[in-house]
Amino acid sequence: RGAPSRVVMLTNMVGAGEVDDQLRGETMAECGKYGNVTDCAVFELPMGTPDDQAVRIFVVFDRTEEAMKAVIDLDGRFFGGRNVKAGFFSEDRYFKKQLS
């Protein structure tokens, strides 16, 4: 699931068109149990993207070790009836806002 980094990418938490105002805050609160969350972004891919990949949620931790705990615990977990996929995302791409 990518080279370990401080950035975790979650997919299949919600489908296309299901993003609401609480998603970012709820994700930050849930991920806070793995460590200090410094940023969180919700990114919707264009129409036509498969539903399980249409929404990417990025969570940035203070330390790579915290992100590793989150990936281990969240990958394969069920959220709202969906099987969540968690993996690492390039810090360089994240901070350049290359999220697709």
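Residues numbered from 1 in each chain as written. Predicted model: local features only at pLDDT ≥ 70, side-chain atom pairs only at ≥ 80, totals over all residues. Heavy atoms only, no water.

**Q** Where do I start with the environment of G32 in this structure?
**A** Summarising the element assignment, G32 is placed in the loop between α1 (23-31) and β2 (37-44). Take G32: its relative accessible area is 38%, and that puts it in the partly exposed class. For G32 and A70, which are 38 residues apart along the polypeptide, the C-alpha to C-alpha distance reads 9.3 Å. (Helix = DSSP H or I, 4+ residues; strand = E, 2+ residues; numbered from the N terminus. Buried < 20%, exposed > 50% of the residue type's maximum accessible area, 1.4 Å probe, protein only.)

**Q** Mind showing me how you'd approach the sheet that holds strand β3 (residues 55-61) here?
**A** Reading across the sheet, the four strands line up as β2-β3-β1-β6 and stay open at both edges, with antiparallel pairing between neighbours. The open sheet terminates on both sides in strands that have one partner only, identified here as β2 and β6 (85-89). Geometrically, the sheet is characterised by an average inter-axis angle of 25° between neighbouring strands, direction not taken into account. Pairing of β2 with β3 involves seven bridges; the strand directions are antiparallel. Its bridge partner being in β3, V42 is matched across the sheet by I57. Here α1 sits on the sheet in contact with β1 (7-11), β2 and β3, set at roughly 140° to β2. Each of β1, β3 and β6 is contacted by helix α2 (residues 64-74), which is oriented at about 155° to β6, the strand it contacts most. (Pairing = 2+ DSSP bridges. Axes fitted to C-alpha atoms, helices over the stretch in contact; angles between N-to-C directions. Contact = heavy atoms within 4.5 Å.)

**Q** Help me understand the pairing of β6 in this model?
**A** Taken across its five residues, β6 has four buried, putting it largely inside the fold. Across five bridges, the pairing between β1 and β6 is antiparallel. From the neighbouring strand, V7 faces β6, where its bridge partner is F89.

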